[in-house]
Amino acid sequence: MPEDNYNFKATPESLSFAQNLLHIAYAMDWHSQSLLGGREARVWQTDTIFKVKGKSKKEMIDLVEKTFDATAKLLKEFDTTKLEDRLDYFGLDRTKRQIFMLLADYITHHRAQMLVHIRLNRLVPPRYVLFQ
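Numbers given to residues run from 1 along each chain, matching the order in which its sequence is written. Where local features are concerned, this predicted model is filtered to residues with pLDDT of at least 70; where side-chain atom pairs are given and counted, the filter is 80 or more; whole-chain, interface and lining totals use all residues. Here the side-chain values reflect all heavy atoms present in the structure, with hydrogen atoms and water set aside.

Draft legend 1. Layout of the environment of K82. One can find K82 in the loop between α2 (57-77) and β1 (86-89). Residues K82 and R97, 15 residues apart in the sequence, show an inter-C-alpha distance of 8.4 Å. Going along the chain from the N terminus, every DSSP run of H or I of four or more residues is numbered as a helix, and every run of E of two or more is numbered as a strand.

Draft legend 2. How the structure looks around the side chain of H110. With respect to the helices, strands and loops of the structure, H110 is situated in helix α3 (residues 96-120). Two residues qualify as a contact provided that any one of their heavy atoms is within 4.5 Å of a heavy atom in the partner residue. When residues no more than four places from it in sequence are discounted, the contact partners of H110 are L15, N20, H23 and I24.

Draft legend 3. Representation of α3 within the structure. Expected span of a helix, by definition, is 1.5 Å for each gap between consecutive residues, and there is one gap fewer than residues. Spanning 25 residues, α3 covers 36 Å between terminal C-alpha atoms, matching the ideal 36 Å at 1.5 Å per step. Along α3, the positions that sit buried rather than exposed are K96, I99, F100, L103, I107, H110, M114, H117 and I118. On its buried face, α3 is in contact with α1 (17-36), α2, β1 and β2 (92-95). Relative accessible area decides the class of each residue, using a 1.4 Å probe on protein chains only: under 20% of the type maximum gives buried, over 50% gives exposed, and in between gives partly exposed.

Draft legend 4. Molecular detail of the layout of surface pockets. If you add up the space inside the largest pocket, you get close to 1,100 Å³. Along the wall of the largest pocket there are 31 residues; nearest its centre are I24, F68, I107, T108 and R111. Contributing elements (two or more residues each) for the lining of the largest pocket: α1, α2 and α3. Per-element accounting of the lining of the largest pocket gives the leading share, 11 residues, to α3. Residues were grouped as follows: Ala, Val, Leu, Ile, Met, Phe, Trp, Tyr, Cys and Pro as nonpolar; Asp, Glu, Lys and Arg as charged; and all remaining residues, including Gly, as polar. Residue classes in the lining of the largest pocket are distributed as 25 nonpolar, two polar and four charged. Whether a set of points on the 1 Å grid over the protein atoms alone is a cavity depends on a 1.4 Å probe fitting there but being unable to get out, while an open set qualifies as a pocket with protein on both sides within 12 Å along at least five of seven lines; lining residues are those with an atom within 4 Å of a point. Grid points are joined across faces, edges and corners, and a volume is the space filled by probe spheres set on the points.

Draft legend 5. Layout of the environment of T81. Tracing the sequence through the fold places T81 in the loop between α2 and β1. Separated by 72 residues in sequence, T81 and K9 place their C-alpha atoms 42 Å apart.

Draft legend 6. Fine view of the pairing of β1. Taking every second residue as pointing to the same face, the buried face of β1 carries L87 and Y89, while none of R86 and D88 on the other face is buried. As defined by bridge partners, β1 adjoins β2 across four bridges and the pair is classed as antiparallel. Along β2, the bridge assignment pairs L87 with R94. At least two DSSP bridges between two strands are required for those strands to pair. Hairpin connection between β1 and β2: a loop of two residues separates the two successive antiparallel strands, and F90 in this loop has a positive phi of roughly 55°.

Pasting the structure below:
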(Lines give C-alpha, C1' and ligand atoms only; values in the text may rest on other atoms or scores of the structure.)
Protein backbone atom coordinates (compact mmCIF):
# COMPACT_ATOMS: atom_id res chain seq x y z
CA MET A 1 0.00 0.00 0.00
CA PRO A 2 1.44 3.39 -0.89
CA GLU A 3 2.11 5.56 2.14
CA ASP A 4 -0.41 8.14 0.84
CA ASN A 5 -3.14 5.50 1.32
CA TYR A 6 -2.16 4.38 4.83
CA ASN A 7 -5.02 6.39 6.37
CA PHE A 8 -7.59 4.83 4.02
CA LYS A 9 -10.66 3.36 5.75
CA ALA A 10 -13.15 1.03 4.07
CA THR A 11 -15.92 2.65 6.15
CA PRO A 12 -15.87 5.57 8.61
CA GLU A 13 -16.05 3.21 11.61
CA SER A 14 -13.30 0.87 10.34
CA LEU A 15 -9.67 0.93 11.34
CA SER A 16 -7.45 2.51 8.71
CA PHE A 17 -4.89 0.43 6.84
CA ALA A 18 -2.16 1.78 9.15
CA GLN A 19 -4.23 1.19 12.28
CA ASN A 20 -4.80 -2.43 11.25
CA LEU A 21 -1.07 -2.84 10.65
CA LEU A 22 -0.08 -1.55 14.07
CA HIS A 23 -2.98 -3.33 15.75
CA ILE A 24 -1.50 -6.61 14.47
CA ALA A 25 1.83 -5.66 16.03
CA TYR A 26 0.17 -4.66 19.31
CA ALA A 27 -1.79 -7.92 19.45
CA MET A 28 1.36 -9.95 18.80
CA ASP A 29 3.24 -8.05 21.50
CA TRP A 30 0.43 -8.28 24.05
CA HIS A 31 -0.39 -11.95 23.52
CA SER A 32 3.17 -13.22 23.20
CA GLN A 33 5.18 -11.02 25.52
CA SER A 34 2.53 -10.44 28.20
CA LEU A 35 0.17 -13.42 28.24
CA LEU A 36 2.74 -16.02 27.23
CA GLY A 37 6.02 -14.36 28.20
CA GLY A 38 5.07 -12.85 31.52
CA ARG A 39 6.01 -9.22 30.80
CA GLU A 40 3.70 -6.55 32.20
CA ALA A 41 1.03 -5.78 29.60
CA ARG A 42 0.87 -2.60 27.59
CA VAL A 43 -2.53 -0.88 27.77
CA TRP A 44 -4.04 -0.23 24.32
CA GLN A 45 -5.76 2.98 25.40
CA THR A 46 -2.56 4.61 26.73
CA ASP A 47 0.13 2.91 24.64
CA THR A 48 2.01 5.14 22.19
CA ILE A 49 4.43 2.59 20.73
CA PHE A 50 1.78 0.91 18.60
CA LYS A 51 -0.19 4.03 17.65
CA VAL A 52 -0.01 5.43 14.12
CA LYS A 53 0.32 9.12 15.00
CA GLY A 54 3.61 10.59 13.81
CA LYS A 55 4.93 7.34 12.29
CA SER A 56 6.05 6.99 8.68
CA LYS A 57 5.34 3.88 6.62
CA LYS A 58 8.94 2.78 7.14
CA GLU A 59 8.73 3.25 10.91
CA MET A 60 5.52 1.23 11.05
CA ILE A 61 6.96 -1.59 8.95
CA ASP A 62 10.14 -1.63 11.05
CA LEU A 63 8.03 -1.87 14.23
CA VAL A 64 5.93 -4.72 12.83
CA GLU A 65 9.05 -6.62 11.70
CA LYS A 66 10.69 -6.12 15.11
CA THR A 67 7.52 -7.38 16.82
CA PHE A 68 7.25 -10.42 14.53
CA ASP A 69 10.92 -11.22 15.28
CA ALA A 70 10.37 -10.95 19.04
CA THR A 71 7.26 -13.13 18.80
CA ALA A 72 9.08 -15.74 16.70
CA LYS A 73 11.91 -15.80 19.25
CA LEU A 74 9.43 -16.37 22.08
CA LEU A 75 7.77 -19.18 20.11
CA LYS A 76 11.11 -20.90 19.50
CA GLU A 77 12.10 -20.68 23.16
CA PHE A 78 8.66 -21.41 24.66
CA ASP A 79 8.62 -24.31 27.11
CA THR A 80 6.14 -26.68 25.45
CA THR A 81 5.40 -28.35 28.78
CA LYS A 82 3.48 -25.15 29.60
CA LEU A 83 1.09 -25.32 26.63
CA GLU A 84 -1.71 -26.69 28.81
CA ASP A 85 -1.20 -24.06 31.55
CA ARG A 86 -4.40 -22.10 31.96
CA LEU A 87 -4.97 -18.38 32.24
CA ASP A 88 -7.76 -15.85 32.35
CA TYR A 89 -8.45 -14.37 28.92
CA PHE A 90 -11.03 -11.61 29.31
CA GLY A 91 -12.95 -13.72 31.82
CA LEU A 92 -12.58 -16.94 29.81
CA ASP A 93 -10.50 -19.92 30.89
CA ARG A 94 -7.94 -20.60 28.14
CA THR A 95 -4.78 -22.67 27.75
CA LYS A 96 -1.57 -21.15 26.46
CA ARG A 97 -1.96 -23.41 23.42
CA GLN A 98 -5.29 -21.70 22.73
CA ILE A 99 -3.62 -18.29 23.06
CA PHE A 100 -1.06 -19.24 20.38
CA MET A 101 -3.86 -20.36 18.07
CA LEU A 102 -5.95 -17.28 18.85
CA LEU A 103 -2.99 -15.05 18.02
CA ALA A 104 -2.52 -16.66 14.60
CA ASP A 105 -6.24 -16.27 13.92
CA TYR A 106 -6.24 -12.63 15.06
CA ILE A 107 -3.32 -11.75 12.78
CA THR A 108 -5.14 -13.40 9.86
CA HIS A 109 -8.33 -11.48 10.66
CA HIS A 110 -6.62 -8.07 10.51
CA ARG A 111 -4.42 -9.02 7.55
CA ALA A 112 -7.59 -9.89 5.62
CA GLN A 113 -8.99 -6.45 6.40
CA MET A 114 -5.78 -4.92 5.06
CA LEU A 115 -6.12 -6.94 1.84
CA VAL A 116 -9.61 -5.49 1.37
CA HIS A 117 -8.15 -1.99 1.81
CA ILE A 118 -5.55 -2.76 -0.87
CA ARG A 119 -8.17 -4.05 -3.31
CA LEU A 120 -10.51 -1.10 -2.66
CA ASN A 121 -7.60 1.11 -3.73
CA ARG A 122 -7.40 -0.86 -7.00
CA LEU A 123 -4.04 -2.37 -6.06
CA VAL A 124 -2.94 -5.98 -6.31
CA PRO A 125 -2.11 -7.46 -2.90
CA PRO A 126 0.93 -9.65 -2.41
CA ARG A 127 0.39 -13.27 -3.39
CA TYR A 128 -0.55 -15.50 -0.47
CA VAL A 129 2.27 -17.80 0.59
CA LEU A 130 1.27 -20.96 2.40
CA PHE A 131 2.47 -21.33 6.00
CA GLN A 132 6.03 -22.60 5.90
